[in-house]
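Now for the letters of each chain:
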Amino acid sequence: MTFSRAIKIAPSILSADFANFGAECEAIEAQGCDWVHVDVMDGHFVPNLTFGPATCAAIRKHIKGVMDVHLMIAPVDPYIDAFAQAGADVLTAHLEAGPHIHRTLQAIRAHGIKAGLALNPATGLDSLPYLLDMVDLVCVMTVNPGFGGQKFIHSQVDKVRALRAMIGDRPIHIEIDGGVTPETAPLVAAAGADVLVAGSGVFKGGSVANPAPYGANIQAIRAAAEAARQV
């Protein structure tokens, strides 16, 4: 992965057809997405249960680009090896998921993959100065994690702006997860985000048999975000 602050669209397969994950991953890449985002939930840290390492390994062969795996699980450390071996290019853990996040980030990087740090909406940036040299991505949750289709929490735009100033020239991506649409993408892009996770915002209206709406949705989000960057 070559670092770039260009806008990247990362559809979340949480909104895809669960019976056709491989074909869905191929479809969104063919329609112009940059990353494929996999939301892993354990029914404990968040109130939903989704995918494990076996699912990641199964879809990896259908993904040509970046597989971005977001671990909404606690404890997280016992599962890092399995998700790394399943083919994650980026592995993101939550600051709130355990007491030793520095150790978690070290364990992720030890596998030679990118380490991400996710922050819930109510979590501030106080710990970030002590962790920035350990992360390749910071994921700002703009909904409370656990379910797709939630409304964007506008207070997080100020957090993104403060985070961007804190990062400075470091090669760290700012990812947004939750409620991303052509209406909200410009807000976070202007504040400094470069990776936009969108579930229903990408998959609505389309299917494996008719993937053209995926491309239209991806392009609408990208165009809105890039336009905001130019203002």
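This structure is a prediction, so every number in the text was calculated from the model and none was measured. Along each chain, residue indices are assigned from 1 in the same order as the chain's sequence is written. Where local features are concerned, this predicted model is filtered to residues with pLDDT of at least 70; where side-chain atom pairs are given and counted, the filter is 80 or more; whole-chain, interface and lining totals use all residues. No hydrogens and no water enter the side-chain calculation; it runs on all heavy atoms of the structure.

> Mind showing me how you'd approach the overall build of the protein chain here?
Strands are runs of DSSP state E lasting at least 2 residues, helices are runs of H or I lasting at least 4, and numbering of each runs from the N terminus. Helix and strand content of the protein chain: eight helices and eight strands. Against the globule reference of 17 Å for 231 residues, the protein chain gives a C-alpha radius of gyration of 16 Å, in line with a compact fold. With the C-alpha coordinates of the protein chain rotated into their principal frame, the extents come out at 45 × 45 × 35 Å. Only heavy atoms enter the contact rule, under which two residues are in contact if any of them lie within 4.5 Å. Looking at the protein chain alone, contacts between residues at least 24 apart form 67% of all its contacts between residues at least 6 apart. Accessible surface computed for the protein chain: about 9,600 Å², of which carbon and sulfur atoms make up 54%. Think of it this way: Lys and Arg go in the positive column, Asp and Glu in the negative one, and His and the chain ends go nowhere. To locate a charge, take atom NZ for lysine, CZ for arginine, CG for aspartate or CD for glutamate. Charge separation in the protein chain, taken as the distance between the mean sites of 16 positive and 22 negative side-chain charges, equals 4 Å. Our radius of gyration looks at C-alpha atoms and nothing else; its globule reference is 2.2 Å times the residue count to the power 0.38. Using the Shrake-Rupley algorithm and a 1.4 Å probe, accessible areas are obtained, with residue cover drawn only from the displayed protein chains.

> Got a minute to help me understand the UniProt feature "binding site: a divalent metal cation" (unreviewed entry) in the protein chain in this structure?
UniProt positions are given in the numbering used here, feature names are shortened, and annotations may be inferred rather than shown by experiment. This chain's UniProt record puts "binding site: a divalent metal cation" (unreviewed entry) on His37, Asp39, His70 and Asp177. Separation in sequence by 141 residues is not matched in space for these annotated residues, since their most distant C-alpha atoms are only 10.0 Å apart. Tracing the chain through its elements places His70 in strand S3 (residues 66-72). Contacts of His70, omitting those with residues within four sequence positions, involve His37, Val38, Asp39, Val40, Thr92, His94, Ala118, Cys139, Met141 and Asp177. Within the structure, the side chain of His70 is placed 2.9 Å from the side chain of His94, a separation counted as a polar contact. Within the secondary structure, Asp177 sits in strand S7 (residues 173-177). When neighbours within four sequence positions are excluded, Asp177 is seen to be in contact with His37, Asp39, His70, Cys139, Val140, Met141, Thr142, Val143 and Val197. Here a polar contact means two N or O atoms within 3.5 Å. Within protein one must be a hydrogen donor candidate and the other an acceptor candidate, and residues neighboring in sequence count only if both atoms are side-chain atoms.

> How do you make sense of the UniProt feature "active site" (unreviewed entry) in the protein chain when you look at a structure like this?
On the UniProt side, "active site" (unreviewed entry) is annotated at positions that read Asp39 and Asp177 here. The greatest C-alpha distance among the residues just named is 10.0 Å, despite their covering 139 residues of sequence, which places them together in space. The rule is simple: take the accessible area with a 1.4 Å probe, protein chains only, and divide by the maximum for that residue type; under 20% is buried, over 50% is exposed, in between is partly exposed. We classify Asp39 as buried; its relative accessible area is 3%. Excluding anything up to four places from it in sequence, Asp39 contacts Ser12, Leu14, Thr50, Phe51, His70, Met72 and Asp177. Among the polar contacts listed, one links the side chain of Asp39 to the side chain of His37, at a separation of 2.9 Å. Residue classification places Asp177 among the buried positions, given a relative accessible area of 9%.

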